[in-house]
Amino acid sequence: MDDNNGEIEIKTEAEVVGQSKKNKLSEANALIEASQELVAKVDSEISECKIGISSAAEDFDEAKRTFNNVTFKNSEVLLEKVGFEYTTFEEAEAFELAVDGNEDESFSVKNLSSGRFTGLILAIVVALLTVVAWIYLAMTKLGIDPSSITLDNASEQVNPILTWIGGDMISANGNMTVGALILGFSALIMAWLVYAIRINLKGSKNLRIAKKTYEKSKDYCMTQEECQKEMKKVDVHLREATEEIQNLDMILNEQASVLRRVIHVEGVYDGEKEYHPSSKKVMRETEKIMRASEHLVSTAITQEQKLNFKSVQALNAAKDIYSEYLGRIYD
């Protein structure tokens with residue numbers, strides 16, 4: 001099985017079976033092995049995605065915590081000192097970061113029993129029953145009472161029984177050796193027949209199960225691939241959001257430095273103070289950056305275990321704020 005641009009190649013039943021069309025058991029085993037490979041491959045890739053998201057989520061949480069507890073709080077305090085009221089953003093929906101939505105859909109492929117062991121047991125039982133049936137029939141025809149046979153006289157009854165089987169039953173010259181051969185071969189033939197029927201029936205059943213299992217494994221693979229794509233989108237989003245938080249942290253710290261300069265030069269707001277227009281502009285810009293950053297860190301990353309469109313919008317808005325800030329400096 002090969003990877004094509006991160007996607008798992010799913011073969012048809014004919015491609016999987018290939019040269020295994022020797023018998024039904026071989027076909028069934030080939031399909032089961034292919035099912036196990038499919039499931040193992042997609043589960044491995046899902047696990048890798050989860051590890052990547054876990055790492056990205058930790059980095060995001062660390063950047064978010066540092067930003068909220070230090071930079072954002074400092075900016076709030078500074079705005080309060082200059083009399084600029086900042087209303088904290090409140091998200092109506094609870095923060096969510098969950099992408100493990102397919103835990104209940106875990107799928108495992110079990111090996112199939114070939115039926116050889118049970119077939120062998122049945123064959124032995126049938127062989128013994130065949131021998132018993134021959135002996136009982138011979139004893140009945142010879143008028144031998146089974147209850148009269150003891151350990152002491154059992155050997156005396158063997159010769160007439162084998163002789164009857166070896167020819168007397170068809171009014172031919174009975175032969176004890178021929179009787180033994182007939183008894184043995186008939187037991188072997190019946191045993192082989194039962195074993196072959198058992199293996200054939202089990203092979204047919206296994207093939208039906210294997211085909212259903214392979215179809216289920218393909219469905220599972222396609223479902224998990226969709227989940228994997230969604231997880232990768234969340235992973236990319238988390239990494240971009242973490243980078244953007246760090247960008248906003250930097251420019252908000254620069255704004256805080258300007259606000260400290262305003263407070264140092266123009267003083268703390270006392271209810272009547274009128275700040276310079278350029279100072280008021282800094283306050284509004286600081287609020288704008290804070291608003292964008294708060295939306296970014298507070299909006300749920302996922303919604304119903306898929307990437308939340310609102311979080312994408314918050315990230316794009318944050319990127320625009322950062323680009324606008326850089327544009328004012330370098331343009």
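Residues numbered from 1 in each chain as written. Predicted model: local features only at pLDDT ≥ 70, side-chain atom pairs only at ≥ 80, totals over all residues. Heavy atoms only, no water.

1. Some remarks on the UniProt feature "transmembrane region" (unreviewed entry) in the protein chain
Here, UniProt's "transmembrane region" (unreviewed entry) annotation points to residues 117–137 and 178–201. The distance from the first to the last C-alpha atom of residues 117–137 is 30 Å, and the span holds 100% helix and 0% strand. End-to-end, the C-alpha atoms of residues 178–201 are 34 Å apart, and along that stretch the chain is 100% helix and 0% strand. (UniProt positions renumbered as here; feature names shortened; annotations may be inferred. Helix = DSSP H or I, 4+ residues; strand = E, 2+ residues; numbered from the N terminus.)

2. Topic: the side chain of Ser 186
Along the polypeptide, Ser 186 turns up in helix α5 (residues 176–266). Classification of Ser 186 as buried rests on a relative accessible area of 16%. Setting aside its immediate chain neighbours within four residues, Ser 186 contacts Thr 130 and Trp 134. (Buried < 20%, exposed > 50% of the residue type's maximum accessible area, 1.4 Å probe, protein only. Contact = heavy atoms within 4.5 Å.)

3. Side note on a positive patch on the surface
Residues Lys 24, Lys 205, Arg 208, Lys 212 and Lys 216 make up a contiguous surface patch of positive charge. The element that contributes the greatest number of residues to the positive patch is α5, accounting for four residues. Its place among the elements puts Arg 208 in helix α5. Residue Arg 208 is classed as exposed on the basis of its relative accessible area, which comes to 52%. (Patch = residues over 30% accessible without salt bridge, like charges linked within 9 Å, V, L, I, M, F, W, Y side chains within 5 Å. Areas by Shrake-Rupley, 256 points an atom, 1.4 Å probe, with all protein chains shown as cover. Salt bridge = Lys/Arg side-chain N within 4 Å of Asp/Glu carboxyl O. Lys, Arg positive; Asp, Glu negative; His and termini not counted. Charge placed at Lys NZ, Arg CZ, Asp CG, Glu CD.)

4. Overview of the confidence of the model for the protein chain
Across the protein chain, the average pLDDT comes to 84, with 85% of residues at or above 70. Taken element by element, the protein chain is modelled with least confidence in strand β1 (residues 3–4), mean pLDDT 46, and with most confidence in helix α6 (residues 277–298), mean pLDDT 93. (pLDDT = per-residue confidence, 0-100.)

5. Some words on the packing of helix α2 (residues 24–81) against α6
Two elements in contact, α2 and α6, have axes separated by 11 Å at closest approach and are oriented at 150 degrees. Taken together, the axis directions place α2 and α6 in an arrangement best described as roughly antiparallel. Classified by chirality, the crossing of α6 by α2 is left-handed. Along the contact surface, α2 presents Phe 60, Lys 64, Phe 67, Asn 68, Phe 72, Ser 75, Glu 76 and Leu 79, while α6 presents Met 283, Thr 286, Met 290, Ser 293, Glu 294, Leu 296 and Val 297. Taken together, the residues of the contact of α2 with α6 break down into eight nonpolar, four polar and three charged. (Axes fitted to C-alpha atoms, helices over the stretch in contact; angles between N-to-C directions. Parallel < 35°, antiparallel > 145°, perpendicular 65-115°, else oblique. Left-handed = near helix turned anticlockwise from the far one by under 90°. Nonpolar A, V, L, I, M, F, W, Y, C, P; charged D, E, K, R; others polar.)

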